[in-house]
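Fold and contact review
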Amino acid sequence: MSQSIEQIVASEKDQDLQRIGQKVINKERITAAEGVILYEKAPLAYVGALANFVRERLHGNKTFFNRNFHIEPTNVCVFSCKFCSYSKLYAHREEGWELTTDQMLEIVKKYDDQPVTEVHIVGGVHPKLTLEFFADLLRKIKAHRADLHVKGFTPVELDYMFRKAKKTRREGMEYLKEAGLESLPGGGAEIFAPEIRTQICHDKVDANGWLEIHEIAHELGMHSNATMLYGHIEGFEHRIDHMERLRQLQDKTGGFNTFIPLKFRNSNNEMSNIAESTIIEDMRNYAIARLYMDNFPHLKAYWPMLGRQNAQLALQFGVNDIDGTIDDSTKIYSMAGSEEQTPAMSTADLVSLIKQVKRHPIERDTLYNELRDYNDVDLATIETNPLLN
Ligand code: V47
Ligand code: SF4
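Notes on the structure follow. Counting restarts for each chain, with residues numbered from 1 along the sequence as it is written. Chains carry letters from A onward and ligands carry numbers from 1 onward, assigned in written order. Only residues with pLDDT of at least 70 get local features here, since the model is predicted, and only at 80 or more are side-chain atom pairs given and counted; chain-wide, interface and lining totals rely on the full set of residues. Hydrogens and water molecules were not included; the side-chain quantities draw on all heavy atoms of the structure.

**Here's the deal with the overall build of the protein chain**
- By definition, any uninterrupted DSSP run of H or I lasting at least four residues is a helix, any uninterrupted run of E lasting at least two residues is a strand, and each is numbered from the N terminus. Looking only at helices and strands, the protein chain has 17 helices and 13 strands in total.
- Computed over C-alpha atoms, the radius of gyration of the protein chain comes to 20 Å, within 12% of the 21 Å expected from 2.2 N^0.38 for 389 residues, which places it in the range of a compact globule.
- Overall, the protein chain is about 60 × 55 × 40 Å in size when its C-alpha atoms are taken along their principal axes.
- Remark: exposure states derive from per-residue accessible area (1.4 Å probe, protein chains only) relative to the maximum for the residue type, with buried under 20%, exposed over 50%, and partly exposed in between. Split into buried and exposed, the 389 residues of the protein chain put 58% on the buried side.
- The contacts of the protein chain with a sequence gap of at least 6 include a subset with a gap of at least 24, amounting to 75%.
- For the protein chain, the exposed area adds up to about 15700 Å²; of that, 51% sits on carbon and sulfur atoms.
- Of the side chains in the protein chain, 46 bear a positive and 57 a negative charge, and the two mean positions are spaced by 1 Å. Here the radius of gyration uses the C-alpha set of atoms, whereas the globule reference equals 2.2 Å times the residue count to the power 0.38. In this description, contact between two residues means that some pair of their heavy atoms is separated by no more than 4.5 Å. For every accessible area listed, the method is Shrake-Rupley and the probe measures 1.4 Å; residues are considered covered only by the protein chains on display. This count recognises Lys and Arg as positive and Asp and Glu as negative, with His and chain-terminal groups excluded. Every charge is mapped onto a representative atom, which is NZ of Lys, CZ of Arg, CG of Asp or CD of Glu.

This is the structure:
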């Protein structure tokens with residue numbers, strides 16, 4: 001017989017860990033100091049049991065995925081983040097790529113007969129790709145396929161294009177919303193604390209700018225995600241500081257859907273000398289994130305970066321979402337050293353990945369409306385039905 005969460009907490013010898021566990025059971029918020037204590041001394045099994053308890057309290061066995069595709073307009077970037085394995089500095093732009101509007105619309109059209117619900121647009125910051133260029137792209141995508149939810153652009157891209165267009169952040173966001181932008185992805189957050197941020201990405205939008213753009217998006221009725229790039233030079237207190245800032249904004253606006261911890265990968269970048277975090281630390285990080293981010297409904301493991309088996313494991317440590325089918329050449333992670341060199345999974349692959357670990361697969365849209373329950377659909381049916389696969 002496995003122990004109940006009450007028994008696990010009651011038998012914990014460390015007083016701090018026991019007190020924090022009791023707070024989690026009682027739905028009391030844990031403080032920043034307690035978050036740091038968890039990172040410093042909580043064993044994986046303990047935080048894992050608590051995080052799984054919270055995950056099941058919120059979502060039962062449900063595990064969400066969506067059907068989306070990515071467009072990466074360019075990998076040329078004016079910024080010089082040290083962890084980035086993907087971009088080509090603007091000075092070497094001839095080595096990078098840059099898609100035209102027509103090429104991006106061709107990508108959209110490739111999915112015309114497929115039941116995808118979302119396009120995720122994110123890339124480098126190319127000075128030629130202006131606010132007007134992207135507004136035009138959004139209008140054309142929506143004119144072609146109005147039901148496709150457009151989740152696009154990080155505050156890094158947005159801040160740059162608004163400044164170039166001489167628009168305030170609010171004017172810029174209103175303009176893009178009008179053109180068809182519906183949600184913001186979580187990228188560009190990295191680590192907010194300035195003592196780390198200035199060392200790893202000194203020249204792009206700072207923490208306040210990132211948070212302000214998301215706040216404006218939420219005020220305009222849009223939803224968004226938030227990421228945290230961890231496992232490099234930051235300390236535990238920086239991870240908690242990062243999550244604390246997000247938790248405070250979420251208290252104010254309620255506009256975040258999902259928190260996505262991103263494990264730093266060390267291939268092909270200027271931080272290759274830094275060892276990657278262990279799988280134990282990765283799982284502890286998911287678990288602590290689930291406990292700390294008590295006002296974020298969802299916690300996502302991004303499988304193209306983490307790998308499929310580790311994504312399955314994460315479902316036991318607080319994660320309830322494994323992103324989407326991502327059927328394209330998403331290059332950022334394979335270039336950074338992810339094992340996933342061909343990041344594409346069909347719906348049948350995703351469903352079986354979730355079912356293998358006895359979770360309950362649900363297809364969602366960007367806003368977590370439940371579109372289809374796959375628990376009782378057998379894999380053969382998914383594989384032979386083009387609308388399901
Ligand atoms: O902000 C860059 C990260 C992010 C590396 O909102 C790296 O649904 C690890 O935010 N090792 C962009 N990570 C991707 C992103 C994202 C991905 C999937 C879904 C969503 C969502 C958002 O990629 C960047 C940066 O933190 N990144 N280089 C690297 N070497
Ligand atoms: Fe540019 Fe983004 Fe890479 Fe930074 S992480 S260099 S902003 S593409």
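**Concerning the pattern of salt bridges**
- Salt bridges, as used here, are contacts in which a Lys or Arg side-chain nitrogen is within 4 Å of a carboxyl oxygen on Asp or Glu. In the structure shown here, the tally under the stated rule is 31 salt bridges.
- When the shortest N-O distance is used, the salt bridge between Glu 215 and Lys 252 registers 2.8 Å. Note that Glu 215 is positioned in helix α10 (residues 207-219) and Lys 252 in helix α11 (residues 236-253), a separation of 37 residues in sequence.
- Using a relative accessible area of 17% as the deciding quantity, one classes Glu 215 as buried.
- Salt-bridge contacts for Asp 241 lead to Arg 245; the nearest nitrogen and oxygen are separated by 3.1 Å. Taken together, the residues span about one helical turn, with Asp 241 and Arg 245 both in helix α11 at a distance of four residues.
- Salt bridges sharing partners connect three or more residues here, namely Asp 14, Asp 16, Arg 19, Lys 23, Glu 34 and Lys 41.

**Here we look at the site of ligand 2**
- Close to ligand 2 lie Cys 77, Phe 79, Cys 81, Phe 83, Cys 84, Ser 87, Gly 124, Val 156 and Lys 204, which account for all nearby residues.
- Here the nonpolar group is Ala, Val, Leu, Ile, Met, Phe, Trp, Tyr, Cys and Pro; Asp, Glu, Lys and Arg are the charged ones; every other residue, Gly included, is treated as polar. Tallied by class, residues from the shell around ligand 2 come to six nonpolar, two polar and one charged. Being near a molecule or strand, for a residue, means having at least one of its heavy atoms within 4 Å of it.

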